[in-house]
Amino acid sequence: MKNPDKFDVIIIGAGPIGLACGIEAKKAGLSYVIIDKGCLVHSIYSYPLNMTFFSTSDKLEIGDVPFISHGNKPNRFEALEYYRRVCASWDLQVKLYERVESVEPGDDEKIVKTTKGTYVTRAVILATGFYDLPFMMNVEGEDLPKVKHYYDEPHPYYKQDIAVIGAANSAVDVALETWRRDANVTMVIREPSILETVKYWVKPDIINRIEEGSIKAYFNSTVEKITETEIIINTPEGKKTIKNDFVLAMTGYRPDFTFMEKMGLAFHEDEYRTPVYHEDTNETNVKNIYLAGVACGGLRTNKWFIENSRVHAGVIIKDIATK
Ligand SMILES: Cc1cc2nc3c(=O)[nH]c(=O)nc-3n(C[C@H](O)[C@H](O)[C@H](O)COP(=O)(O)OP(=O)(O)OC[C@H]3O[C@@H](n4cnc5c(N)ncnc54)[C@H](O)[C@@H]3O)c2cc1C
């Protein structure tokens with residue numbers, strides 16, 4: 001077997017923050033590679049086709065590459081183009097469609113095993129985000145092809161009876177977008193109301209659509225079973241059976257805790273399973289393994305986003321470079 005490639009730092013995840021880490025590593029003269037199991041910025045690629053960022057484009061910039069968008073807030077297509085351009089401008093070393101399966105500990109050298117090879121590195125940065133594992137409802141029928149945990153566009157749902165599960169930003173956006181393309185929308189919401197965290201400029205729209213009866217909403221309700229043609233829900237008024245063609249389960253996503261645990265990472269005993277890391281350096285309880293980007297928040301997936309976690313890259317690389 002040939003000797004594995006050696007690096008100062010391996011960055012797992014080619015999302016915006018993984019790319020920012022690669023840029024800082026390059027600036028510091030460290031050898032590095034960014035490895036992603038999917039395409040470049042795979043999470044953004046998986047977002048709804050018509051999505052618009054809530055941040056203005058300047059707040060999503062990395063590596064001093066200007067991000068000019070048509071409107072003041074960029075859309076998904078502009079962001080994909082932007083991050084490709086960042087990669088090209090910095091000539092970043094990126095390996096795509098290569099899943100990291102394990103990181104074997106060792107203070108001075110770690111072995112990183114992927115679906116395509118084995119690497120040796122001094123340090124590892126986990127910039128793995130949270131968008132790969134949806135929260136499952138764990139109900140009968142969830143495995144039917146008509147049940148989606150990711151939403152792309154409204155067209156397939158034209159004139160269809162759809163159930164949108166959830167009451168956070170994604171669920172609200174999906175309900176409004178599909179309803180405006182003539183879907184017959186029913187929302188099934190575990191909570192007593194639309195969530196507080198829904199964008200303030202969208203909230204009145206969904207509340208008004210529900211109050212006028214255009215979108216039907218069942219609050220304090222849960223899904224019990226899904227069949228090819230129906231959905232059965234538990235409501236405060238009892239069990240209801242609703243005609244249904246598609247279920248869009250916008251129930252949120254969570255980080256891959258198993259992957260983190262396997263490499264020895266520890267977690268606080270809070271409700272978010274926040275990973276343990278040093279706030280000044282982002283180094284975890286495992287020496288030379290660092291956390292960057294949204295992965296830092298555990299289940300609190302709205303704590304960190306691109307805008308406020310871009311800074312992790314500089315902090316982490318400074319620490320690695322000075323060791
Ligand atoms: C609809 C929506 C709108 C948003 N709008 C905004 C906004 O306006 N402003 C803002 O700042 N933020 C916004 N966010 C949040 C923002 O997109 C995320 O914070 C951002 O993508 C986080 O970047 P990241 O690099 O930390 O993680 P991600 O972008 O999630 O990247 C993680 C990468 O790691 C890869 N990966 C995971 N596991 C492995 C493995 N084992 N091996 C190899 N690769 C792996 C994944 O494929 C992925 O490409 C939005 C999020 C959503 C869902």
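Residue numbering note: each chain is counted from 1, following its sequence as written. Totals for whole chains, interfaces and linings use every residue, but because this is a predicted model, local features are given only for residues with pLDDT of at least 70 and side-chain atom pairs only at 80 or more, for both listing and counting. Excluded from the side-chain calculation are hydrogens and water; included are all heavy atoms of the structure.

> I tried to follow the sheet that holds strand β8 (residues 147-148) on my own but got confused; where do I start?
By way of backbone hydrogen bonds, the strands of a sheet pair with one another, either parallel or antiparallel. A pair of strands is labelled paired if DSSP reports no fewer than 2 bridges between them. The way it works is that DSSP assigns letters per residue, a run of H or I at least four long becomes a helix, a run of E at least two long becomes a strand, and they are numbered from the N terminus. One open sheet holds the 5 strands; their spatial order is β8-β15-β9-β10-β11, and the pairing between them is parallel. Of all the strands in the sheet, the pair left with one neighbour each is β8 and β11 (216-218). Bridge analysis of strand β9 (residues 161-165) against strand β10 (residues 184-188) gives 5 bridges, and the strand direction is parallel. Bridge pairing links D161 to N184 in β10.

> Any chance you could explain the packing of helix α1 (residues 16-27) against helix α8 (residues 312-322) here in plain terms?
The geometry of a pair of packed helices is captured by two quantities: the angle between their axes and the separation between those axes. With axes taken as lines fitted to C-alpha atoms, and helix axes fitted only over the stretch in contact, angles between N-to-C directions fall between 0 and 180 degrees. In contact at an axis separation of 8 Å, α1 and α8 are set at 40° when each is read in the N-to-C sense. With respect to α8, the element α1 is oriented oblique. For the element pair α1 and α8, the recorded crossing hand is right-handed. Within the contact between the two elements, α1 uses A20, C21, E24 and A25 and α8 uses A313, G314 and I317. A per-class count over the contact of α1 with α8 returns 5 nonpolar, 1 polar and 1 charged. Any angle that is under 35 degrees is reported as roughly parallel, and any over 145 degrees as roughly antiparallel; angles of 65 to 115 degrees are reported as roughly perpendicular and all others as oblique. Note on convention: the crossing is left-handed when the near helix lies turned anticlockwise from the far helix by less than a right angle, right-handed when the turn is clockwise. Pairs of residues are marked as contacts when any of their non-hydrogen atoms sit within 4.5 Å. Classification convention: Asp, Glu, Lys, Arg as charged; Ala, Val, Leu, Ile, Met, Phe, Trp, Tyr, Cys, Pro as nonpolar; all other residues, Gly among them, as polar.

> Can you walk me through the environment of N282 in this structure?
Here N282 lies in the loop between α6 (257-262) and β17 (289-291). Sequence separation between N282 and E153 is 129 residues; the distance between their C-alpha atoms is 37 Å. The residues touching N282, leaving out its near neighbours within four places in the chain, are Y277, I289, Y290, L291, A292, C296, H312 and I316. Think of a polar contact as two N or O atoms within 3.5 Å of one another; within protein, one of them needs to be a possible hydrogen donor and the other a possible acceptor, and neighboring residues in sequence only count if both atoms come from side chains. At 2.8 Å, the side chain of N282 forms a polar contact with the backbone oxygen of L291.

> So what exactly am I meant to see when it comes to the environment of E224 here?
Topologically, E224 is positioned in strand β12 (residues 222-226). The buried label goes to any residue with under 20% of its type's maximum accessible area, the exposed label to any with over 50%, and the partly exposed label to all in between, with areas taken from a 1.4 Å probe on protein chains only. Residue classification places E224 among the partly exposed positions, given a relative accessible area of 33%. The sequence separation of E224 and M137 amounts to 87 residues, and the corresponding C-alpha distance is 9.0 Å. Polar side-chain contacts of E224 include one of 3.0 Å to the side chain of N234.

> Sorry if this is basic, but what is going on with the site of the ligand here?
In the vicinity of the ligand there are 31 residues, among which D36, S43, Y47, F54 and S55 approach most closely. With respect to the ligand, the backbone of P16 contributes an N or O atom lying 3.4 Å from an oxygen atom. In the environment of the ligand, an oxygen atom lies 3.1 Å from a nitrogen or oxygen atom belonging to the backbone of V294. Areas reported as accessible are Shrake-Rupley estimates using a 1.4 Å probe. Residue values count occlusion only from the protein chains shown. Summarising the interface, the protein chains cover 91% of the accessible area of the ligand, which totals 1000 Å² for the free molecule. Breaking the shell around the ligand down by element, the ones donating at least two residues are α1, α2 (42-45) and α7 (306-309). Top element by residues in the shell around the ligand is α1. It accounts for 3 residues. Split into classes, the residues belonging to the shell around the ligand amount to 16 nonpolar, 9 polar and 6 charged. Whether a residue is near a molecule or strand is decided by its heavy atoms; if any one of them lies within 4 Å of it, the residue is near.

> When you look at the packing of aromatic side chains in this model, what are you seeing that I'm missing?
Given two aromatic rings, one states the distance between the centres and the angle between the planes to describe the pair. When two rings of Phe, Tyr or Trp (its six-membered ring) have centres within 6.5 Å they constitute a pair, described as stacked for plane angles under 30 degrees, edge-to-face for angles over 60, and tilted for the intermediate range. In total, this model carries 13 aromatic pairs according to the counting rule given. When the centroid spacing of 6.1 Å and the interplanar angle of 55° are considered together, the rings of F7 and Y119 count as tilted. On the criterion of sequence distance, the pair formed by F7 in strand β1 (residues 5-12) and Y119 in strand β6 (residues 118-126) is long-range, its members being 112 residues apart. The same class applies to F7 as to Y119, namely buried. Pairing F130 with Y131 gives two aromatic rings, centres 6.1 Å apart and planes at 85°, and the pair type is edge-to-face. On the basis of relative accessible area, F130 is assigned to the buried category, the value being 17%. Relative accessible area serves as the criterion here: at 12%, Y131 is assigned to the buried category. Here, over-ring charges are defined by two tests on the NZ atom of lysine or the CZ atom of arginine: distance to the ring centre within 6 Å, and angle to the ring normal within 35 degrees. If you follow K216 out to its NZ or CZ, it ends over the ring of Y218, 4.9 Å from the centre. The lysine or arginine in question, R273, covers the ring of F257, its NZ or CZ lying 4.8 Å from the ring centre.

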